[in-house]
Amino acid sequence: MQIILEQVTDTLRRRILEQAHGPGEHLTIDRLARELGVSQTPIREALGRLQGEGLVVYRRNQGYRVAPIAIHEIEEMLECRLALEPFAAQRIDPISSDFVGRLEAIHARFCAAMAAQQYVENNAADREFHETIVAATGNALLLRLFRSMDSHMYTMRLFYYSQHAQTQDLEETCAEHGRILEAFRAGSHAAAAAALTEHLHRVKGRVAALAPLFPQ
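Residues numbered from 1 in each chain as written. Predicted model: local features only at pLDDT ≥ 70, side-chain atom pairs only at ≥ 80, totals over all residues. Heavy atoms only, no water.

Asker: Explain the packing of helix α5 (residues 97–115) against helix α6 (residues 119–135) here, please?
Answerer: Describing two packed helices takes the angle between their axes plus the distance from one axis to the other. At their nearest, the axes of α5 and α6 sit 8 Å apart, and the two run at 160° to each other. The angle between the axes of α5 and α6 places the two elements in the roughly antiparallel class. Relative to α6, the crossing made by α5 is left-handed. Residues F99, R102, L103, I106, H107, R109, F110, A113 and M114 of α5 touch α6, and the partners they reach there are E121, N122, A125, D126, E128, F129, T132 and I133. (Axes fitted to C-alpha atoms, helices over the stretch in contact; angles between N-to-C directions. Helix = DSSP H or I, 4+ residues; strand = E, 2+ residues; numbered from the N terminus. Parallel < 35°, antiparallel > 145°, perpendicular 65-115°, else oblique. Left-handed = near helix turned anticlockwise from the far one by under 90°. Contact = heavy atoms within 4.5 Å.)

If you want it as structure tokens, here you go:
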């Protein structure tokens, strides 16, 4: 039963993050159970988990819906990430060649997906780049905090690129990730933290400029 619950949760999370279920969409337990070939119990429990992650909302007599994208929440999450990620960069000890190699591979995927306009893959690589940095601290709580925020960022990025794709923004992100990577290659915690801070401030600026695109 636990394995089924984990599988159902992962499937529903992926559907929401990749916008197979868009913001505000009503999630019917019976329909989802039929689609996934399971009983209603794991669907209900999985939706409860995703509610805890902020990906769905529940209203009495209305059921579950995919959480809407609120621009002010995205801005607040970026403020939190500005505190969390540079802190994480300074806690990676040691900055190993294996860690740098993983970042290099992810960065290459990001840039290749950008060139091919493969936004889902590009988005996944973007998220993995940042998550790899936080995970390298070995601090499980820090990683959970990051994941609780970045799910919303993932959805926001896909919504944006489905509405208003701009290669220039991706090129800027690619260059900013490159500077973060170069700092880690040089073994400098301070430079990596500074590059992350600059990158996230630039992301904040891009999000603020795009506010009219998002549901109010």
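After that view, the rundown keeps rolling.
Asker: Explain the nonpolar core here, please?
Answerer: Nonpolar side chains in soluble globular proteins tend to be buried together. Counting residues in each nonpolar core, the largest one holds 23 residues, and the members touching the most others are F99, L103, I133, I180 and F184. For F184, the contacting residues outside a window of four places in its chain are A89, I92, I95, F99, V100, L103, I133 and A192. Counting residues in each nonpolar core, the second largest holds 17 residues, with V8, L17, V56 and Y64 among its members. (Core = buried A, V, L, I, M, F, W, Y, C linked by side-chain atoms within 4.5 Å. Buried < 20%, exposed > 50% of the residue type's maximum accessible area, 1.4 Å probe, protein only.)

Asker: Help me understand the pattern of salt bridges, please; the structure alone is not making it clear to me.
Answerer: As a working rule, side chains carrying opposite charge can pair if their charged atoms are close by. Enumeration according to the criterion identifies 17 salt bridges in this entry. Between K204 and E79 there is a salt bridge, and its shortest N-O distance comes to 2.3 Å. Of this pair, K204 sits in helix α9 (residues 189–209) while E79 is found in helix α4 (residues 71–89), placing the two residues 125 residues apart along the sequence. When salt bridges that share partners are traced, they join R15, E25, R31 and E35 into one network. (Salt bridge = Lys/Arg side-chain N within 4 Å of Asp/Glu carboxyl O.)

Take it as geometry only, folks, not as evidence of what the structure does.
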